[in-house]
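Architecture and fold: a report
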Amino acid sequence: MEHSGIEEKSTILIVDDQPVNIQALSMLLKENYRILVANNGLKALQIASGTNPPDLILLDITMPEMDGYEVCRRLKADGRTKDISVVFVTARNEVEDEEKGFILGADDYIIKPFQPAVIRARVKNHIDRKLWQRQLLAAKQIADSANKAKSEFLANMSHEIRTPLNGILGMSELLLDTTLDNSQKRFLHTITKESNALLNIINDILEFSKIESGRYELEDIPFNIRGLIDDISDALAYRAARKGLELISFISPDVPSNLIGDPGRIRQIFMNLGGNAIKFTSSGEIFIKGELKELNENRVTICFSVKDTGIGIPKNKQAIVFEEFSQADGSTTRKYGGTGLGVTISRKLARLMGGELDLESEEGKGSTFRFTVALTTQPEDKDKDLSVSRQNQVVDFSRMNVVIVDDNKTNRDVLKEYLESWGCVTHEASGAQEALLFLMKSVLSSISIDLVLSDAQMPDMDGFEFARELKKIEPLKKIPILILTSMGRLGDSKTCKEIGINGYLMKPLKRDHLRKAIEKVLGFVAEEGETTAVQLVTRHTLTDAQRGSIRILLAEDYPTNQEMAMLILTQSGYSVELAEDGQEAVNAYKKHEYDLVLMDLQMPVKDGYEATRDIREIEANMNKEASGFRSIPIIAMTAHALEGYREKCLEAGMDDYLTKPIKRKKLLEMVDKWSMAKRTDLPGNGT
């Protein structure tokens, strides 16, 4: 190997108890290498572990006191000398001798008498390999240093870019609140849209580079893991529902609720993985799960997973998913967008929290991302933990027989886990016919069924038809029924009351809500003045009984406002669909029935004024003499609070006016006012 300047020769240590052998090897190699010698094993070990160790050792086997095998074994067992190449040079030519040498870690085995040319060639190969290893190590160190410098540069530059970009977005939003013509609005909306896309990319790069440069710090704060997963599920649920996907979440009952860690980073991982799952899944389900992996004193390791039924990832491309700025297929970037950093960031965050993130996937069948995090349990606090486990001391569900009816096995498994953790005895049916058959058989047996939990959306016979059939069977008609649905439909509340269904809950289910609903349905819990026998129990009867059957169309193009309004409304129990511009709102109104429209004024393609006029024109062409016809309430949402805008909205055909920034209380008051007013006016609706 050539080097600039004076080339330092590699060092070879010759170990042999026969001087003639040492002399022969030295004469053969001294021209090209620096030669050291030792006539016994102990001296060889001293030289090898010294300040200037050799690059290669030529080692005889048969020597007094300590043979070459023992010398090799000790060399390979010592951290200081284990990387030195060892070549046996010996007269022992049995296969067993050679095999033993390699087992002990030798790099080569040469039998005496040897050919000088063979010795020189084989020694050169080993020395060259050593030099290459050193060069590769040096190159790696240089690359690692350069990568760290690059990451620090990215962190600084991402921050510097993000700051003016936020200014662009803020000023664009302010400018949109001024008087503009349609072309100007379109230009500004394009600026806002593209700036937001760029901001998302910059945020991913900033997050990634902060981790890479070692400038990332985790929080260590108290939080409730079940509340966090409920919030994450709510945030993802409406995005899943828009694609017709079922979103299921489950935290194993044995996972402690109150923990200490960084909930923001756990949420970030879930939003990355959950967002990808929804993005790459066109039908089926998204299943978010948390299970206890290990619990030691005040430390807990939880295994979380996000499973989808999407496009899947081929085995030969799964490793690429974890590489920076990469996706399994370059075409997915063009089709679905994204930086390719989400999974990489999630894995790094999991590792920062003492865990790991892994992938299982099969092309065409879906993917499962699993990640573990190590957290600290909070000190026991009786006043702090008001969870279901505490309620179990008051209400006893033990030995209560519950029938679970759902065509989705994942849903059945989740319900089974929850119910059995409360002491219930569960019976499963994958469809209505199977459930009816089991229930009729139970009449002839000693099994007394206390409750039926049924999915609403099932093939062949849905949950409502199943309930109707059940109510026709005299011995079974009084069994309480709780319907579970992933998508509320207009009139479901009325249908439940007509059939005699006792409860109606929206998915994804929250464990505490499910238990409270069961308690109310079975009459364990009754508020003062409440008649549980006739009241339909929904998740909204725990707060507001009427919101579950209200269907709202939200016309809003600004992503932050979309998310904020959707979260407020869905968490309050409303069914909400999103239209991202005025034309989408008009198209949605033509196809579906809604109870209320929340209409932003500044939107691309068609603004709120134009969209409202179109809807009112459609209504004008309807048969107004038809029984029950009533114009849909349209509520303006705008940042304009100046005098005259309210009148302008009313002139366009809107019913009311709500100014931004939107406050939760004011939004719900406005929605309640108009949606309840409409439903009360509908013929035959006693709500």
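Bear in mind the structure is a predicted one, so any value in this text is a computation, not a measurement. (Residues numbered from 1 in each chain as written. Predicted model: local features only at pLDDT ≥ 70, side-chain atom pairs only at ≥ 80, totals over all residues. Heavy atoms only, no water.)

Here we come to empty space enclosed by the protein. Scanning the entire structure with this criterion turns up 4 cavities of 30 Å³ or more. Here the largest cavity is characterised by a volume of approximately 90 Å³. Lining of the largest cavity is provided by Leu247, Ile248, Ser249, Asn411, Val414, Leu415, Leu484, Lys507, Pro508 and Leu509. Only β7 (246-251) and α12 (409-421) provide two or more residues apiece to the lining of the largest cavity. (1 Å grid on protein atoms, 1.4 Å probe; cavity = no way out; pocket = protein on both sides within 12 Å on 5 of 7 lines; lining within 4 Å. Points joined across faces, edges and corners; volume = space filled by probe spheres on them. Helix = DSSP H or I, 4+ residues; strand = E, 2+ residues; numbered from the N terminus.)

We now examine the nonpolar core. Counting 39 residues, the largest nonpolar core has Phe270, Phe304, Leu357 and Phe371 as its most contacted members. Ignoring any residue separated from it by four or fewer positions in sequence, one finds Phe371 in contact with Ile269, Phe270, Leu273, Ile302, Cys303, Phe304, Ala350, Glu356 and Leu357. If you look at the next biggest cluster of nonpolar residues, it comprises 27 residues, including Val403, Ala456, Ile499 and Ile501. (Core = buried A, V, L, I, M, F, W, Y, C linked by side-chain atoms within 4.5 Å. Buried < 20%, exposed > 50% of the residue type's maximum accessible area, 1.4 Å probe, protein only. Contact = heavy atoms within 4.5 Å.)

When its volume is computed, the second largest pocket comes out at roughly 860 Å³. Lining of the second largest pocket is provided by 39 residues; of these, Ala241, Arg242, Ser486, Met487 and Val576 occupy positions nearest its centre. Mapped onto the lining of the second largest pocket, the elements with two or more residues apiece are α7 (225-242), β7, β19 (551-555), α17 (559-571), β20 (575-579) and α18 (582-591). A per-element tally of the lining of the second largest pocket places α7 first, with 6 residues. Here the residues of the lining of the second largest pocket are counted per class, giving 16 nonpolar, 11 polar and 12 charged. (Nonpolar A, V, L, I, M, F, W, Y, C, P; charged D, E, K, R; others polar.)

All right, on to the packing of α7 against α17 then. It is the contact of α7 with α17, at a shortest axis distance of 10 Å, that shows an interaxial angle of 105°. One element, α7, and the other, α17, form an angle in the roughly perpendicular class. Each of Asp234, Ala235 and Tyr238 in α7 lies in contact with α17, whose residues at this interface are Gln562, Glu563, Met566, Leu567, Thr570 and Gln571. (Axes fitted to C-alpha atoms, helices over the stretch in contact; angles between N-to-C directions. Parallel < 35°, antiparallel > 145°, perpendicular 65-115°, else oblique.)

For the rest of this paragraph, the subject is the pattern of salt bridges. Per the counting criterion, the structure on display carries 33 salt bridges. For Asp455, the salt bridge identified is with Lys507, shortest N-O distance 2.7 Å. With Asp455 in strand β15 (residues 451-455) and Lys507 in the loop between β17 (503-506) and α16 (511-521), this residue pair connects regions lying 52 residues apart in the sequence. Neither Asp455 nor Lys507 differs from the other in exposure class; each is buried. Measuring nitrogen to oxygen at the nearest pair gives 2.8 Å for the salt bridge that ties Arg616 to Asp655. You can see Arg616 sitting in helix α19 (residues 608-620) and its partner Asp655 sitting in the loop between α20 (645-651) and β23 (656-659), a full 39 residues away along the chain. Within this structure, Glu246, Asp406, Asp455 and Lys507 form a network of salt bridges that share partners. (Salt bridge = Lys/Arg side-chain N within 4 Å of Asp/Glu carboxyl O.)

Here the focus is the packing of aromatic side chains. Taken as a whole, this structure holds 8 aromatic pairs when the rule is applied. Between Tyr69 and Phe88 the ring centres are 5.7 Å apart and the planes differ by 70°, which places this aromatic pair in the edge-to-face class. Of the two residues, Tyr69 sits in helix α3 (residues 68-77) while Phe88 sits in strand β4 (residues 85-90), which places them 19 residues apart along the sequence. The exposure classification of Tyr69 matches that of Phe88, with both residues buried. The interplanar angle of 70° and the centroid separation of 5.2 Å between the aromatic rings of Phe270 and Phe371 together place this pair among those described as edge-to-face. A residue pair is termed long-range when its members are at least 10 positions apart, and Phe270 in helix α8 (residues 263-279) and Phe371 in strand β12 (residues 366-377) qualify at 101 residues. Phe270 gets classed as buried once you look at its relative accessible area, which sits at 0%. With a relative accessible area of 1%, Phe371 lands in the buried category. (Phe/Tyr/Trp six-rings, centres within 6.5 Å; stacked < 30°, edge-to-face > 60°.)

Let us look at the sheet that holds strand β1 (residues 11-15). What the 5 strands build is an open sheet, ordered β2-β1-β3-β4-β5; its pairing is parallel. One side of each edge strand has no neighbouring strand; the edge strands of this open sheet are β2 (34-38) and β5 (108-111). The average undirected angle you get between the axes of adjacent strands in this sheet is 20°. In this sheet, β4 lies alongside strand β3 (residues 56-59) in parallel orientation, the contact comprising 4 bridges. Note on β4: the bridge partner recorded for Leu58 is Val87. Strands β1, β2 and β3 of the sheet are contacted by helix α1 (residues 19-29), whose axis makes an angle of about 170° with β2. Against the sheet, helix α2 (residues 41-48) makes contact with β1, β2 and β3, and its axis sits at roughly 140° relative to β2, the strand it touches most. (Pairing = 2+ DSSP bridges.)

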